[in-house]
Amino acid sequence: MREPNKDETIGLSPAQRFERWSETLSALLLGLVTIATAWSGYQAARWGGEQSTLYTDALGLMVEAARVEARADRLTQVDIAMFAEYVNAYLAGHDELATFYYERFRPEALTAVDAWLATQPLKNPDAPPGPFQMPEYQVSQAEQALQLEEQASGLFEEGKEANEHGDQYVLNAVILASVLFLAGIAPRFDWPPLVIVILVAAVVLLVIGLYSLSTLPIQ
């Protein structure tokens, strides 16, 4: 509805002038809030999509981390079994067999075995009980699994933030929808004080909604 000009308002009663201006204000409110509501809905949908993407990526990383961790566990079991055979052969005096096992340690396990042997475990009561308690013993797959889990956890946190942003936009859309309702019903009342109260409430809610839109992140 167009705004009445000065000539059109001349000769109108105060009640008619009030009705004209209240209708004009209601129309302006409806226009602004319609755009703001549409933007809130659009952003809520975008953040919802971002949340789904992040959760999907995080789940994929968790699955990969579980796979890598299972491989790390198998390698650890192999290292322990190889070391047990090596010790048995050494204690039995089968030097060639002991050498056979020693030369077939994985590089990561061999580093730990050498470090443990350097502590002279047969003579040193303070030596660690085995190479797998040495800080030198590392399984790269276990470290990789931990890194994947940390990445997945980070994506889950980003997904939670995206969900929170989407919820905020949905709440903002509800507030703006209240403005639509108030601006729509205001012209239907004939009592000016009630119309003023309704329009003031609509303006206040619109300001709150627009301020919220200005502070929320955009996707």
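Residues numbered from 1 in each chain as written. Predicted model: local features only at pLDDT ≥ 70, side-chain atom pairs only at ≥ 80, totals over all residues. Heavy atoms only, no water.

## Here we look at the overall build of the protein
Scanning the protein from N- to C-terminus turns up six helices and zero strands. Walking the protein from its N terminus toward its C terminus, one meets helices and strands in the order α-α-α-α-α-α. Computed over the C-alpha atoms, the radius of gyration of the protein is 36 Å, more than 25% above the 17 Å expected from 2.2 N^0.38 for a compact globule of 219 residues. Expressed along its principal axes, the backbone C-alpha trace of the protein runs to roughly 120 × 30 × 25 Å. Residue burial in the protein is summarised as follows: out of 219 residues, 31% are buried. When contacts within the protein are restricted to residue pairs at least 6 apart in sequence, those whose partners lie at least 24 apart make up 71%. Within the structure as shown, the protein displays about 13600 Å² of accessible surface, and the carbon and sulfur contribution to it stands at 61%. With 13 positive and 28 negative side-chain charges, the protein shows a spacing of 12 Å between the two charge centroids. (Helix = DSSP H or I, 4+ residues; strand = E, 2+ residues; numbered from the N terminus. Rg over C-alpha atoms; globule rule 2.2 N^0.38 Å. Buried < 20%, exposed > 50% of the residue type's maximum accessible area, 1.4 Å probe, protein only. Contact = heavy atoms within 4.5 Å. Areas by Shrake-Rupley, 256 points an atom, 1.4 Å probe, with all protein chains shown as cover. Lys, Arg positive; Asp, Glu negative; His and termini not counted. Charge placed at Lys NZ, Arg CZ, Asp CG, Glu CD.)

## Things to note about a negative patch on the surface
Together, Glu-158, Glu-161, Glu-164 and Asp-167 make up a region of like negative charge exposed at the surface. Assignment of secondary structure puts Glu-161 in helix H5 (residues 140–185). (Patch = residues over 30% accessible without salt bridge, like charges linked within 9 Å, V, L, I, M, F, W, Y side chains within 5 Å. Salt bridge = Lys/Arg side-chain N within 4 Å of Asp/Glu carboxyl O.)

## Thoughts on the nonpolar core
Counting 28 residues, the largest nonpolar core has Leu-29, Tyr-169 and Leu-206 as the members making the most contacts within it. Where this core is concerned, the elements lending two or more residues are helix H2 (14–91), H5 and helix H6 (192–215). Look past the residues within four positions of Leu-29 in its chain and what remains in contact with it is Ala-183, Leu-199, Ala-202, Val-203 and Leu-206. In this structure, Met-82, Trp-116, Met-134 and Tyr-137 belong to the second largest nonpolar core, which totals 17 residues. (Core = buried A, V, L, I, M, F, W, Y, C linked by side-chain atoms within 4.5 Å.)

## What about the side chain of Gln-141?
Tracing the backbone through its elements, the reader meets Gln-141 in helix H5. Taking relative accessible area as the criterion, Gln-141 reaches 16% and is therefore assigned buried. In contact with Gln-141, not counting residues within four places along its chain, are Val-68, Arg-71, Ala-72, Leu-75 and Glu-108.

## Observations regarding the packing of aromatic side chains
In the structure shown here, the tally under the stated rule is 11 aromatic pairs. Relative to Phe-156, the ring of Tyr-55 lies with its centre 5.6 Å away and its plane at 45°, an arrangement referred to as tilted. Separated by 101 residues along the polypeptide, Tyr-55 in helix H2 and Phe-156 in helix H5 bring together distant segments of the chain. Exposure remark for Phe-156: the relative accessible area of 32% places this residue in the partly exposed category. Measuring from ring centre to ring centre gives 5.7 Å for Phe-83 and Phe-132, while their planes differ by 90°; the resulting arrangement is edge-to-face. Taken as a pair, Phe-83 in helix H2 and Phe-132 in the loop between helix H4 (107–117) and H5 lie far apart in primary sequence, 49 residues in all. Residue Phe-132 is classed as partly exposed on the basis of its relative accessible area of 23%. Aromatic ring contacts, followed pair by pair, group Phe-83, Tyr-86, Tyr-90, Tyr-102, Phe-105, Trp-116, Phe-132 and Tyr-137 into a single cluster. (Phe/Tyr/Trp six-rings, centres within 6.5 Å; stacked < 30°, edge-to-face > 60°.)

## Details of unusual backbone geometry
Phi at Gln-120 takes a positive value of approximately 50°, unusual for a residue other than glycine. In this fold, Gln-120 is placed in the loop between H4 and H5.

## Thoughts on the confidence of the model for the protein
Note: predicted coordinates in regions of low pLDDT should not be interpreted at a detailed level. For the protein, the mean per-residue pLDDT works out to 87, and 93% of the residues sit at or above 70. Mean pLDDT across the secondary structure elements of the protein bottoms out at helix H1 (residues 6–9), with 49, and peaks at H4, with 94. (pLDDT = per-residue confidence, 0-100.)

## Things to note about the packing of H5 against H6
Direction vectors running N to C along H5 and H6 enclose 155°, while the axes themselves pass 9 Å from each other. Taken together, the axes of H5 and H6 are roughly antiparallel relative to one another. In this structure, the crossing between H5 and H6 has a hand that is left-handed. Counting all contacts with H5, which are made through Tyr-169, Asn-172, Ile-175, Leu-176, Ser-178, Val-179, Leu-182, Ala-183 and Ile-185, the residues of H6 involved are Ile-198, Ala-201, Ala-202, Leu-205, Leu-206, Ile-208, Gly-209, Ser-212 and Leu-213. In terms of residue class, the contact of H5 with H6 is built from 14 nonpolar, four polar and no charged. (Axes fitted to C-alpha atoms, helices over the stretch in contact; angles between N-to-C directions. Parallel < 35°, antiparallel > 145°, perpendicular 65-115°, else oblique. Left-handed = near helix turned anticlockwise from the far one by under 90°. Nonpolar A, V, L, I, M, F, W, Y, C, P; charged D, E, K, R; others polar.)

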